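# Geometric and topological summary
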Amino acid sequence: MLGILGKKIGMTTYFEENGNAIPCTVIEAGPCNITQIKTKSKDGYDSVQLGFDMIHERKINNPERGRFKKLNIAPLKYLKEMRNFPVENLKEGDKISVDIFQAGDKVKVTGMSKGKGFQGVIKRHNFAGGVRTHGQSDRERAPGSIGASSYPSRVWKGQKMAGRTGGEKVTVRNLKIIKVIPDTNLILIKGAIPGAKTGIIEIYKN
Amino acid sequence: MDKIKLVTAAQEKTDIPKFHVGDTISVSVKVIEGDKERIQQYKGIVMGIKGSGVSKTFRVRKISNGIGVERIFPINSPKIAKIEVLKEGSVRRAKLYYLRNLTGKAATKIKEKKKKKLIEDVLSTDTVTQNNEESR
């Protein structure tokens, strides 16, 4: 799947020519370099490794420095593999930039969601909680029963409970591209995307 | 933040007149009916201004046929053809939500802003007092 790596910049309002105000996420996407092309015959599967965000040569280790030197490109901070990437006419070291997208395209965005710490079942699993009235004192956000007694006499594996929330990989599909600005490598996508500002995200063409 | 400005700078209007909360303004809104476009006037008191940059909005309240109507306009919307300030008001709140609880004349009336005294006006009043003293 054709894709690119990017950085979330933030959200804003975008006005269409007819006056509609669209809530948009601004993403700085690419330019990325292809750092490796994996093939089924050699590696067992087809994929492309993309590199994004320039970094000082001093900040990477020697083997990595050697890799970038061989490809004759500047050292890159983030490397990520993308499966089923169309590799016709592409070779290692080639540049991928925002012009692979056009306004109106539908895309899939993957990112790391914001970490929310230890949360109860209402926030974490959308439980309803207990009743507020009828003499309740401490049941308002409680999970309720977590299992039966004589069978199974234990709690099933995977039972939804409180715990660490957020900070996981989240994908949002069918997001519409509103505008692509190749001069500044910016993309405007309608709606929200996972993660905090400056978070690294993957954008795939649907 | 600066990179967002790259996108929004072109969308921000530069010809909006300065107005404040409490002012009476007239907003010319473009209305599309079928394939015809006309301009509708919406006149009322500015109840509040919210947000910043390209997403800035303002809320206008008017009494239409005895019923209070409030509309929120994005200040940079292409649907707004023109904004005209009719009267400058003097208020002590940033948001005039108290207008909702007022009825009758009080609901539409706001103290007008006093114009700053010009130097010439001050001088002329001084000469008047001097003349009075001399005549005594």
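None of these values were measured; they are calculated from a predicted model. (Residues numbered from 1 in each chain as written. Chains lettered and ligands numbered in written order. Predicted model: local features only at pLDDT ≥ 70, side-chain atom pairs only at ≥ 80, totals over all residues. Heavy atoms only, no water.)

### Quick word on the overall build of chain B
Broken down by element type, chain B carries two helices and five strands. Listing every helix and strand of chain B by position from the N terminus yields α-β-β-β-β-β-α. Put simply, chain B has 136 residues, and 27% of those count as buried. Long-range contacts, defined here as pairs at least 24 residues apart, represent 53% of the contacts in chain B between residues at least 6 apart. Surface exposure of chain B reaches about 10,100 Å², of which carbon and sulfur atoms provide 50%. (Helix = DSSP H or I, 4+ residues; strand = E, 2+ residues; numbered from the N terminus. Buried < 20%, exposed > 50% of the residue type's maximum accessible area, 1.4 Å probe, protein only. Contact = heavy atoms within 4.5 Å. Areas by Shrake-Rupley, 256 points an atom, 1.4 Å probe, with all protein chains shown as cover.)

### Describing the environment of K111(B)
All names here are of chain B. The residue K111 is located in the loop between β5 (80-87) and α2 (119-135) in this model. Residue K111 is classed as exposed on the basis of its relative accessible area, which comes to 65%. Sequence separation between K111 and F73 is 38 residues; the distance between their C-alpha atoms is 24 Å.

### Considering the confidence of the model for chain B
Summary statistics for chain B give a mean pLDDT of 84 and a share of 85% for residues scoring 70 or more. Scored by ipTM, the complex comes to 0.72, with pTM at 0.80. (pLDDT = per-residue confidence, 0-100.)

### Topic: unusual backbone geometry
Residue and element names in this part refer to chain A. With an omega of 10°, the peptide bond between Y151 and P152 qualifies as cis. With respect to the element layout, P152 can be found in the loop between α3 (121-125) and β9 (163-165). Phi at N126 takes a positive value of approximately 60°, unusual for a residue other than glycine. On the secondary structure map, N126 appears in the loop between α3 and β9. Residues other than glycine seldom take positive phi values, yet N185 does so here, at roughly 60°. Looking at the secondary structure, you find N185 in the loop between β10 (169-181) and β11 (186-190).

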